[in-house]
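Next come the chains, spelled out residue by residue.
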Amino acid sequence: MDTSLEYYFDFLSQPSRALYILLKASETKFEPKTINLLGGENIQEVPAIIDREHDQPLHLAESIAILRYLAAKNYISDEFYPCDFHQRARIDEFLSWQHNGIRTSCSLYFRFLWVQEKVFGSPASEAKVAKYRKLMEIDLESMENLWLKDSDFLTGSKLTAADVFGACEIEQIRCCGYEIKNKYPKVFAWIERVRKGLHPYFNEAHQVIYTYEKDYKSKL
């Protein structure tokens, strides 16, 4: 592939999925470099990029730093991370909240209920799982009653990078058999809007999640 941009990712990584979706939806050419985290191939932090456009290639990690760089280089469509200061500030507001909000709680719930058993062979204690489920549900309540209170998407009427990152965090808990439809109907409807707006890339990036979800349900 004739491109200067290399993208390193694993679809088990939430921000890896988000940036992949944004690149594909923006019709950006890039060379995909898959990393197998479960296989112990963790010498490369993911997501990460190498941009070889100039004599001195840029190596960059950390998903939000990557997002801002890709947007500045027009690798990410303006519709997802607009140049307008007010719109971008709203997106950054959510991404800042998410870091210690829904990203942390969903990741920890996913880790202790699914990853620990998958990787280490022994499930976490019921008390620990219950603890992180409670924290996650506090953040899901914030998504339901604050971020999605009066709008179809997190920062207004249009789908942005905030929605992509947020939806990828929540979608992963399907591996754990957690259903949001009845308890958090606004969150569920929002994710379906995100899925539709990013077809087929949202589902493509989450195939590994859906496969593990089927495995989980088959054991019930």
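Everything discussed here concerns the structure shown above.
Residues numbered from 1 in each chain as written. Predicted model: local features only at pLDDT ≥ 70, side-chain atom pairs only at ≥ 80, totals over all residues. Heavy atoms only, no water.

### Regarding the environment of C83
When you line up the elements, C83 lands in the loop between helix 2 (63-72) and helix 3 (85-100). For C83 and A72, which are 11 residues apart along the polypeptide, the C-alpha to C-alpha distance reads 8.9 Å. Every residue in contact with C83, bar those within four places of it in the chain, is listed here: D78 and R88. (Helix = DSSP H or I, 4+ residues; strand = E, 2+ residues; numbered from the N terminus. Contact = heavy atoms within 4.5 Å.)

### Things to note about the sheet that holds strand 4 (residues 58-61)
Strand order in the open sheet formed by four strands is 2-1-3-4, with mixed pairing between adjacent strands. Because the sheet does not close on itself, it has two edges, and the strands there are strand 2 (31-34) and strand 4. Shown here is a sheet whose adjacent strand axes are inclined to one another by a mean of 20°, direction ignored. Strand direction decides the pairing type here: strand 1 (residues 5-9) and strand 2, joined by four bridges, are parallel. When the sheet's bridge partners are listed, E6 is paired in strand 2 with E31. Relative to strand 4, helix 2 is tilted by about 135°, and along the sheet it contacts strand 1, strand 3 (48-51) and strand 4. (Pairing = 2+ DSSP bridges. Axes fitted to C-alpha atoms, helices over the stretch in contact; angles between N-to-C directions.)

### So, the nonpolar core
Counting residues in hydrophobic clusters, the biggest one holds 65 residues, and the most contacted among them are L67, L70, M143, I170, V187 and W190. Filtering out sequence-adjacent residues up to four positions away, L70 remains in contact with L5, L19, L23, I49, Y75 and I76. Of all hydrophobic cores here, the second largest spans five residues; its members include I35, V46, A48 and I50. (Core = buried A, V, L, I, M, F, W, Y, C linked by side-chain atoms within 4.5 Å. Buried < 20%, exposed > 50% of the residue type's maximum accessible area, 1.4 Å probe, protein only.)

### Notes on the packing of helix 1 (residues 14-25) against helix 2
When two helices pack together, their arrangement is captured by the angle between the axes and the distance separating the axes. Between helix 1 and helix 2, the least distance of the axes is 10 Å, while the angle of their chain directions is 10°. Taken together, the axes of helix 1 and helix 2 lie roughly parallel to each other. Between helix 1 and helix 2, the contacting residues are P15, L19, L22 and L23 on the first element and S63, I66, L67 and L70 on the second. (Parallel < 35°, antiparallel > 145°, perpendicular 65-115°, else oblique.)

### Some thoughts on the pairing of strand 1
When you tally the buried positions in strand 1, you get five out of five residues, the bulk of the element. Burial along strand 1 is two-sided: L5, Y7 and F9 and E6 and Y8, pointing in opposite directions, are all buried. For the segment spanning strand 1, helix 1 and strand 2, crossover handedness is right-handed. (Right-handed = clockwise from strand over helix to strand, strands pointing away.)

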